[in-house]
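Overview (structure and organization)
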Amino acid sequence: MVKRAGRGQQIQRGIRKLFYRNEIFVLLSVLFLAGILLGACFIRVNGENWGTFIGQMVEGFSNGRESQTLPATFLQSATGAFFFLLALFLCGFCAVGQPLVCLILLFRGLGYGLTAGGVYSVYGPSGMGYVALFLMPNCVLTALILLRAGQSAFRFSTGLYGAMKGAGKMNARPYCLEFAILGACLLGAALVDSVFSYLFGGSFPLVG
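Residues numbered from 1 in each chain as written. Predicted model: local features only at pLDDT ≥ 70, side-chain atom pairs only at ≥ 80, totals over all residues. Heavy atoms only, no water.

Over its 26 residues, helix α4 (residues 98–123) extends 38 Å from the first C-alpha to the last, a length consistent with the 38 Å expected when each residue adds 1.5 Å. Backbone geometry just downstream of α4 places Gly124 in the positive-phi region, at approximately 70°. (Helix = DSSP H or I, 4+ residues; strand = E, 2+ residues; numbered from the N terminus. Expected span 1.5 Å × (residues − 1).)

Take a look at the structure:
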C-alpha cells in the first residue's frame, strides 16, 4: 500500500511538473479549443443563413483538391499554415506580443470550428466523415506545430519585455532556429496532406 501511494504521489508530482513547464502551451491549447467551440456554435446558431455559402465553399474546396496537381495542393496547404507561423514568429519580437499570440491561435481555432461545423450543417454525417478523413489529420498536425510556435513566441516576447526592463540580454538565435525547425515540420504536414488528398480525395464524395 505504501509503495502504491508513493507511486501515486510520484505520478501526481510528475503531472504537476509537466503542467508547470508547459502552462503556456496548455493556455494556448484551451484558447484554440475555445475558438473551435465558438466557431461550431456560431454555425449552429446561424447555419440556415450560411448554408448556401458554406455548401458552395466546401464543394469548391473539394472539387479543387480533386482537380489540382500534387505540387499545387502542397503549395495551397503550406501557404495558409505558414502565414500563421510567420505571424507568431513576428509576435515574439514584440515586447507586448503575448495577447497577439493568444488572439492568433484563438482565430485559427475559430476557423477550424467554422469549417467543421459548416460541413456538418450542410452535409450531415457524410460531412463529418469527410472532415475526419481529409481535414482533421492536417488540422491536428498544424495545430500542434502552431501551438508549439505560440508557446515559444509567448516566452520570447516575455523575455524581450524583461530585457527591456534590464533583466538581461536576449539571444534570438535559438528562437529563430526553433521556428526554422517548426517551418520544416509544417512542410512535412503539408506534404502528408497533399499526398493524402491526391490519392484519396475523389473516393469520399460529399452528399448533401
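And the narrative resumes.
It is worth spelling out the nonpolar core at this point. Leu28, Leu85, Leu88, Val101, Leu105 and Phe179 are the most contacted members of the largest nonpolar core, which totals 27 residues. In contact with Leu85, not counting residues within four places along its chain, are Leu146, Ala149, Phe179, Leu182, Gly183 and Leu186. Membership of the second largest hydrophobic core comes to six residues, among which are Val119, Tyr123, Tyr130 and Val131. (Core = buried A, V, L, I, M, F, W, Y, C linked by side-chain atoms within 4.5 Å. Buried < 20%, exposed > 50% of the residue type's maximum accessible area, 1.4 Å probe, protein only. Contact = heavy atoms within 4.5 Å.)

Now for a nonpolar patch on the surface. On the surface, a nonpolar cluster with roughly 390 Å² of combined accessible area is contributed by Leu191, Val195, Tyr198 and Leu199. With respect to the helices and strands, the residue Leu191 is situated in helix α6 (residues 172–200). (Patch = residues over 30% accessible without salt bridge, like charges linked within 9 Å, V, L, I, M, F, W, Y side chains within 5 Å. Areas by Shrake-Rupley, 256 points an atom, 1.4 Å probe, with all protein chains shown as cover. Salt bridge = Lys/Arg side-chain N within 4 Å of Asp/Glu carboxyl O.)

Our next topic: the side chain of Thr142. Within the fold, Thr142 resides in helix α5 (residues 125–164). Classification of Thr142 by relative accessible area gives buried; the value is 2%. Leaving out residues up to four positions away in the same chain, Thr142 has contacts with Ala81, Arg108, Tyr112, Leu186 and Ala189.

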